[in-house]
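Chain by chain, the residues run as shown.
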Amino acid sequence: MNHPDSAPDAPRSPTFRHDQQQIGTDGLWLFVFIDMVIFTLIFFVFMTERLDEYSLFKSSQSHLNEIFGLCNTLVLLTSSWLVVEAVHAARRGAPKIIATRLALALVCGLMFVASKIIEYRAKILLGFSPATNPFFSFYYFITFVHFLHVVAGMVFLNSYRQRSIRCLDSPAYTTGLENVGVFWHYVDVLWLFIFPLLYLV
Amino acid sequence: MPFAIWLILIACTLASFDIFERRLLGPLSTLVIVTIAAVKARLVLRHFMEAAQAPGNWRFLYETWIFVAAAIIVIGHYVALMRVT
């Protein structure tokens, strides 16, 4: 049972969690909510500053390439779906499926990271730095804080990918993976708002 | 059906991007694009986070957050437009 290859994908044991239990832990939902409130304030300050310097914000925004934003959105939505599949696999005790889904979700995360690095590099080569004007200060600040969330999420995804066999004997593994899932979906939801805020509106 | 939800999310993303690229709705486009973003966020919350089974009242607070975040962007945008014109 300790070797991944010897573990069949559909065994059941009494230690399994029931599907009707609550998702994740209270603390994680609270943590994410605090993060949400902080981002609400950032959105509010951005929109308030934009009121006073509307033309500057609009002209600066036109230098962003919304294709990057679109690709980021598609990649994050896809990774979120893969993580849902992994969480469902954990509930039915299928470590191989968890490992492959989380690996694919990590590939999506890496694509996001690569896309961000290319985008930042292109902006800096064009001469737009965080010190250029208020719009670019917000652009770099908001996207970079979000980027750090993605990197943190990837660290957790990878740790659960490596321990996927634990889903067979530890209910805590499944709860933990649900927590990681809630956080990862939140990072996705955050981007769903950041994309129109910075690129489209 | 996570896969069906994923398909809807991708379709919504492409639709709102098309509205933006072709300037289909003029000044209304911001309202539509942000509303689509909020609908997508709610789909992720309900079907991916499975917030119905979240402990305590988190589902209610998260749904409220989605509404507030969308409202800040929409109201802020139209107030700015009114000031400019």
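Being a predicted model, the structure only gives us computed values, none of them experimental.

Caption draft 1: Representation of the overall build of chain A. Per the secondary structure count, chain A includes 6 helices and 0 strands. When the helices and strands of chain A are placed in sequence order, the string is α-α-α-α-α-α. If one aligns the C-alpha atoms of chain A with their principal axes, the spans along those axes are about 65 × 30 × 20 Å. Evaluated residue by residue, chain A yields a buried proportion of 40% over its 201 residues. Across chain A, contacts joining residues at least 24 apart in sequence account for 84% of those joining residues at least 6 apart.

Caption draft 2: Quick peek at helix H1 (residues 2–21) of chain B. An ideal rise of 1.5 Å per residue puts 28 Å on 20 residues; H1(B) measures up with 28 Å between its terminal C-alpha atoms. Restricting attention to buried positions, one finds in H1(B) the residues Trp6(B), Leu9(B), Ser16(B), Phe17(B) and Phe20(B). Seen along its axis, H1(B) keeps its buried residues to an arc of 105°; they face one direction. Those residues of H1(B) that are exposed and angled more than 90 degrees off the buried face are Phe3(B), Ala4(B), Leu7(B), Ala11(B) and Asp18(B). Buried residues in H1(B) make contact with helix H3 (66–91) and helix H6 (171–200) of chain A together with helix H2 (29–48) of chain B. Just beyond H1(B), the residue with positive phi is Arg23(B), at close to 50°.

Caption draft 3: Spatial organisation of the interface of chain A and chain B. Contacts between the two partners involve 33 residues from chain A and, on the opposite side, 36 residues from chain B. Put simply, the parts of the chain that give the side of chain A that touches chain B at least two residues each are helix H1 (26–52), H3 and H6 of chain A. In the side of chain A that touches chain B, the residues fall into 22 nonpolar, 6 polar and 5 charged.

Caption draft 4: Fine view of helix H3 (residues 58–84) of chain B. An ideal rise of 1.5 Å per residue puts 39 Å on 27 residues; H3(B) measures up with 39 Å between its terminal C-alpha atoms. Each element contacted by the buried residues of H3(B) is listed here: H1, helix H2 (54–61) and H6 of chain A together with H2 of chain B.

Caption draft 5: Representation of the confidence of the model for chain B within the structure. Per-residue confidence for chain B gives a mean pLDDT of 95; residues scoring 70 or more make up 100%. Two numbers describe this predicted complex: its pTM, 0.91, and its ipTM, 0.96.

Caption draft 6: Focus on the environment of Thr30(B). Tracing the backbone through its elements, the reader meets Thr30(B) in helix H2. Each C-alpha atom of the pair Thr30(B) and Phe20(B) lies 8.5 Å from the other, and the pair is 10 residues apart in sequence. In this structure Thr30(B) touches Val201(A), Val74(B) and His77(B), once residues within four positions along its chain are discounted.

Caption draft 7: Up close: the packing of H6(A) against H2(B). Relative orientation of the contacting elements H6(A) and H2(B) amounts to 175°, with a least axis distance of 9 Å. By the angle class used here, H6(A) and H2(B) are roughly antiparallel. Here His185(A), Asp188(A), Val189(A), Leu192(A), Phe193(A), Pro196(A) and Leu200(A) of H6(A) come into contact with H2(B), specifically with Ile33(B), Val34(B), Ala37(B), Lys40(B), Ala41(B), Val44(B), Leu45(B) and Phe48(B). Per-class residue counts for the contact of H6(A) with H2(B) are 12 nonpolar, 1 polar and 2 charged.

Caption draft 8: Molecular detail of the nonpolar core. Grouped together as the largest cluster of nonpolar side chains are 80 residues, with contacts concentrated most on Ala86(A), Ala41(B) and Ile73(B). Elements with a contribution of two residues or more to this core: H1, H3, helix H4 (95–125), helix H5 (134–162) and H6 of chain A together with H1, H2 and H3 of chain B. Looking at this core element by element, the count peaks at 19 residues for H6(A).

Caption draft 9: Representation of unusual backbone geometry. Residue and element names in this part refer to chain B. A positive phi is found at Arg 23, a non-glycine position, where the angle reads about 50°. Inspection of the secondary structure puts Arg 23 in the loop between H1 and H2. For Glu 50, which is not glycine, the phi dihedral falls at a positive 55°. By the secondary structure assignment, Glu 50 is in the loop between H2 and H3. We classify Glu 50 as buried; it has 22 C-beta atoms within 10 Å.

Caption draft 10: A look at the packing of H2(B) against H3(B). Residue and element names in this part refer to chain B. Between H2 and H3, the shortest axis-to-axis distance is 10 Å and the interhelical angle comes to 170°. Here H3 runs roughly antiparallel to H2, going by the angle between their axes. Residues Thr 30, Leu 31, Val 34, Thr 35, Ala 37, Ala 38, Ala 41, Arg 42 and Leu 45 of H2 form the contact with H3, whose own contacting residues are Tyr 62, Glu 63, Ile 66, Phe 67, Ala 70, Ile 73, Val 74 and His 77. Among the residues making up the contact of H2 with H3, the classes are represented as 12 nonpolar, 3 polar and 2 charged.

Caption draft 11: Structural context of the environment of Leu24(B). All names here are of chain B. Among the structural elements, Leu 24 can be located in the loop between H1 and H2. For Leu 24, a count of 12 C-beta atoms within 10 Å gives the class exposed. Discounting chain neighbours no more than four positions away, the residues touching Leu 24 are Ile 19 and Ser 29.

Criteria and cut-off values
- Residues numbered from 1 in each chain as written.
- Chains lettered and ligands numbered in written order.
- Predicted model: local features only at pLDDT ≥ 70, side-chain atom pairs only at ≥ 80, totals over all residues.
- Helix = DSSP H or I, 4+ residues; strand = E, 2+ residues; numbered from the N terminus.
- Buried ≥ 20, exposed ≤ 12 C-beta atoms within 10 Å, placed from the backbone.
- Contact = placed C-beta atoms within 7 Å.
- Expected span 1.5 Å × (residues − 1).
- Arc of directions from axis to C-beta.
- Nonpolar A, V, L, I, M, F, W, Y, C, P; charged D, E, K, R; others polar.
- pLDDT = per-residue confidence, 0-100.
- Axes fitted to C-alpha atoms, helices over the stretch in contact; angles between N-to-C directions.
- Parallel < 35°, antiparallel > 145°, perpendicular 65-115°, else oblique.
- Core = buried A, V, L, I, M, F, W, Y, C linked by C-beta atoms within 7 Å.

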